[in-house]
Amino acid sequence: EADIYQTPRYLVIGTGKKITLECSQTMGHDKMYWYQQDPGMELHLIHYSYGVNSTEKGDLSSESTVSRIRTEHFPLTLESARPSHTSQYLCASSEEGWSYGYTFGSGTRLTVV
Amino acid sequence: AQSVTQLDSQVPVFEEAPVELRCNYSSSVSVYLFWYVQYPNQGLQLLLKYLSGSTLVKGINGFEAEFNKSQTSFHLRKPSVHISDTAEYFCAVSEETGYSTLTFGKGTMLLVSP
């Protein structure tokens, strides 16, 4: 079944640690996105990619980085986690063209202590 | 740049009652409009979308939305809600260009009680 997977679902980590949030999709979508979601706030786009070797920063300034070496894989890395990074991170993908909307993963809830 | 305003952060309603979740958008160009639903501890799921054509759009789970260009609105409606409709609903907009990304509203929590 075509889908988009995020791991881990929940992560509690200490300040200063390096972490990578994984996102993989089996649909062959070229476009992929990372959104940050906080309660009562808009989803904020932090990174996106139009295809392999393409990465762009989104609307919300973020200390994270992303890579797109393979079509199906779009990991997000925080080099040094801080309590301000505590949030839910949602990965999404879309086909070429806008008639399909986005397909979202289940999210990673990150807590930095 | 586009923006989305969801006018209600929370909408309480009784089961089997009708509901309307309001969404207004702002953009200097033509747009595509979407409604997504998020159940607890899950990602977002597409409910319906407006791309062009008929301004009344029907989606999954009995939801529908009407695009009103003059009022720049895209309100979501359901004639009779169920307990299982309790969730967060997000309105989103994208400009009609190949390189536009989705901009989301803050969400509306629909609380259905018996």
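You'll find the structure just up there.
Described in the following lines is the structure provided in the data block.

Reading the values: rules and limits
- Residues numbered from 1 in each chain as written.
- Chains lettered and ligands numbered in written order.
- Predicted model: local features only at pLDDT ≥ 70, side-chain atom pairs only at ≥ 80, totals over all residues.
- Heavy atoms only, no water.
- Pairing = 2+ DSSP bridges.
- Helix = DSSP H or I, 4+ residues; strand = E, 2+ residues; numbered from the N terminus.
- Contact = heavy atoms within 4.5 Å.
- Buried < 20%, exposed > 50% of the residue type's maximum accessible area, 1.4 Å probe, protein only.
- Buried area = accessible area lost by both parts, 1.4 Å probe.
- Polar contact = N/O pair within 3.5 Å; in protein donor to acceptor, adjacent residues only side chain to side chain.
- Nonpolar A, V, L, I, M, F, W, Y, C, P; charged D, E, K, R; others polar.
- 1 Å grid on protein atoms, 1.4 Å probe; cavity = no way out; pocket = protein on both sides within 12 Å on 5 of 7 lines; lining within 4 Å.
- Points joined across faces, edges and corners; volume = space filled by probe spheres on them.
- Disulfide = S-S within 2.5 Å.

Once that is clear, we can look at the sheet that holds strand β7 (residues 65-66) of chain A. Residue and element names in this part refer to chain A. Spatially, 4 strands are ordered β1-β3-β8-β7 in an open sheet, and the strand pairing comes out antiparallel. The sheet is open, and its two borders are formed by β1 (4-7) and β7, each paired with just one other strand. Inspection of the sheet shows strand β3 (residues 19-25) paired to strand β8 (residues 76-78) by 3 bridges, in the antiparallel sense. Bridge pairing in β8 places isoleucine 19 opposite leucine 78.

We now examine the environment of A:Glu79. Residues and elements named next belong to chain A. You can see glutamate 79 is positioned in the loop between β8 and β9 (87-94). When the C-alpha atoms of glutamate 79 and glycine 101 are compared, they prove to be 31 Å apart, with 22 residues separating the residues in sequence. Residue contacts for glutamate 79: discarding those within four places in its chain leaves Gly16, Lys17 and Lys18.

To continue, consider the environment of A:Val113. Residue and element names in this part refer to chain A. Within the secondary structure layout, valine 113 lies in the segment after β11 (108-112). The exposed category is assigned to valine 113, whose relative accessible area is 59%. Between the alpha carbons of valine 113 and asparagine 53 there is a distance of 33 Å; along the sequence they are 60 residues apart. Excluding residues that lie within four positions of it along the chain, valine 113 makes contacts with Val12, Ile13, Gly14 and Thr15.

On to the pairing of β9(A), then. Residues and elements named next belong to chain A. The element β9 is largely enclosed, with a buried count of 8 among its 8 residues. Here strand β4 (residues 31-37) pairs with β9 via 7 bridges, running antiparallel. The residue of β9 that forms the bridge with methionine 32 is serine 93. Sheet analysis places β9 next to strand β10 (residues 103-104), joined by 2 bridges and oriented antiparallel. If you follow serine 93 over to β10, its bridge partner there is threonine 103.

Further remarks concern the interface of chain B and chain A. Accessible area lost during the coming together of the parts is what is often quoted as the interface size. Facing the 22 residues of chain B at the interface are 23 residues of chain A. For the pair chain B and chain A, the summed buried area comes to about 1,800 Å², and 55% of that belongs to carbon and sulfur atoms. Per-residue buried area on chain B facing chain A is highest for B:Thr101, B:Phe104 and B:Lys106; these three make up 28% of the total on that side. The interface formed by chain B and chain A includes 5 residue pairs in polar contact (both at pLDDT 80 or more). Looking at the side of chain B that touches chain A, the elements with two or more residues in it are β5 (31-38), β6 (44-50) and β10 (87-95) of chain B. The element that contributes the greatest number of residues to the side of chain B that touches chain A is β5(B), accounting for 4 residues. When grouped by side-chain class, the residues that make up the side of chain B that touches chain A number 10 nonpolar, 10 polar and 2 charged.

Empty space among the atoms can be located by rolling a probe the size of a water molecule over them. Roughly 300 Å³ of volume is contained in the largest pocket. In this structure, the largest pocket is lined by 17 residues; those nearest its centre are A:Gln37, A:Gln88, A:Arg109, B:Gln38 and B:Glu88. Classifying every residue of the lining of the largest pocket by side-chain character gives 7 nonpolar, 6 polar and 4 charged. In this structure, the second largest pocket occupies an estimated 240 Å³ of space. Taken together, 16 residues form the lining of the second largest pocket, with A:Tyr102, A:Thr103, A:Phe104, B:Leu44 and B:Gln45 sitting closest to its centre. Every element with two or more residues in the lining of the second largest pocket is listed here: β10 of chain A together with β6 of chain B.

Right, let's get into the state of the cysteines. All names here are of chain B. With the rule as written, the count across this model stands at 2 disulfides over all chains. Here cysteine 23 is linked by a disulfide to cysteine 91, with a sulfur-sulfur distance of 2.0 Å. Disulfide cysteine 23-cysteine 91: the torsion about the S-S bond is -65°, which places it as left-handed. With cysteine 23 in the loop between β3 (19-21) and β4 (24-26) and cysteine 91 in strand β10, this residue pair connects regions lying 68 residues apart in the sequence. Cysteine 91 matches cysteine 23 in its accessibility class, with the two residues each being buried.

Geometric values such as these leave the question of function open.
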